[in-house]
Amino acid sequence: MATTNASITIASDIISGVPINISKSMVMRKLGSSDGLEETSGLRTKKFSATTATVVIEQDEFTDTKASKFYMRNTGSSKADFFYVAKHASAAASDTAAVTIGKLYGGDWMLVPYLGDVNITVAPSTAETMTLEFMVFVE
Amino acid sequence: MATTTAAVSITSEDLMPGMPLAINAISTLMQTGTTTGLELVDIGYGKLTEASSADSLHEALGTLDTANWVYICNNSTDQSQYIKVGIHDTVIGNLGAGEWLWMPWNMGTADNEINIEAETSGTIPYDYAIFKSTYTLPAKT
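What this report covers is the structure whose coordinates are included nearby.

Calculation notes
- Residues numbered from 1 in each chain as written.
- Chains lettered and ligands numbered in written order.
- Predicted model: local features only at pLDDT ≥ 70, side-chain atom pairs only at ≥ 80, totals over all residues.
- Contact = placed C-beta atoms within 7 Å.
- Helix = DSSP H or I, 4+ residues; strand = E, 2+ residues; numbered from the N terminus.
- Nonpolar A, V, L, I, M, F, W, Y, C, P; charged D, E, K, R; others polar.
- Pairing = 2+ DSSP bridges.
- Axes fitted to C-alpha atoms, helices over the stretch in contact; angles between N-to-C directions.
- Buried ≥ 20, exposed ≤ 12 C-beta atoms within 10 Å, placed from the backbone.

### Notes on the interface of chain A and chain B
On the side of chain B, 57 residues touch chain A, which itself brings 51 residues to the contact. Those elements that provide at least two residues to the side of chain A that touches chain B are β1 (4–12), β2 (20–27), β6 (68–74), β8 (100–105) and β9 (109–114) of chain A. Residues that form the side of chain A that touches chain B fall into these classes: 29 nonpolar, 14 polar and eight charged. Summarising the sheet, β1 of chain A and strand β1 (residues 4–12) of chain B pair through nine bridges and their orientation is antiparallel. Counted as the bridge partner of Ile-10 of chain A is Ala-6 of chain B from β1 of chain B.

### Let's talk about the sheet that holds strand β6 (residues 82–87) of chain B
Residue and element names in this part refer to chain B. Ordered by their spatial adjacency, four strands build an open sheet running β4-β9-β6-β7, and the pairing between neighbours is antiparallel. Unpaired on one side and paired on the other, β4 (55–58) and β7 (90–95) mark the two borders of the sheet. Sheet twist, expressed as the mean angle between neighbouring strand axes with direction ignored, is 30 degrees. By the bridge criterion, five bridges tie β6 to β7 in an arrangement that is antiparallel. Note that in β7 the partner of Gly-86 across the bridge is Val-91.

### Quick look at the pairing of strand β4 (residues 44–48) of chain A
The side chains of a regular strand alternate between both faces of the sheet. Residue and element names in this part refer to chain A. Burial within β4 is sparse, with just zero of its five residues counted as buried. The pairing of β4 with strand β11 (residues 130–138) spans five bridges and is classified as antiparallel. Within β11, the position partnered with Thr-45 by the bridge is Glu-133.

### Some details on the sheet that holds strand β2 (residues 21–28) of chain B
The strand order across the open sheet formed by four strands is β2(A)-β1(A)-β1(B)-β2(B), and the pairing between neighbours is antiparallel. In this open sheet, the two edge strands, each paired with only one partner strand, are β2 of chain A together with β2 of chain B. The mean angle between the axes of side-by-side strands here comes to 5 degrees, regardless of whether they run parallel or antiparallel.

The structure is reproduced here in structure tokens:
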């Protein structure tokens, strides 16, 4: 059984005089179990130079409704350019309603549970070259 | 201007035998498409019970297609208890006991609330923080 740890630290001074400091660690486990996740897609990077929506995580590689997770990061530094991230065949915000999760600007990262039932796609906001780093932790 | 940072560390010695994993990243949260830090936050703690169906954690009352961030942690220590996290009718995934998530949220439409639902039995404590570019308070009843 493998052990994979993930920790997050969020610090903010948004509320004057009341600093926000969130620090949590977790062990990535199988659904409803104390056993750790044992499989991964491996850490991948992919360069994009068009705004076309592209599948980066294919649902048919994973078992549905478990406790898989994926990590994703826009490795760039631009705070104007971003990737849409969607749980759908398209990642355009305007026409995919609730399936568009959000936007990753330069340096932004995300780590979320993944049901494994639908593809994860991304769509760059620009045709300028951008690089995405991602990894799936699989049950 | 407020400054909010989010850092992650993911490590494993044995997930990929012979190749220890160490991912470290940090980001500073900005308002949509700018270098101005986020200035709105909603932070709290609650308890979910299995008897209730999915509940809205936060409604999509800000400007659509903007930069917002969501943190949710399942504080249960019972490994059989997990939280389904969704955006409107789309389930993002299952958040197990002791697990957290960090994700962008662009409020693609006005229906795109963040919702959570307890699975299996008992009461599940959770905490959350939502950092926003914009937000409109609900209308008075």
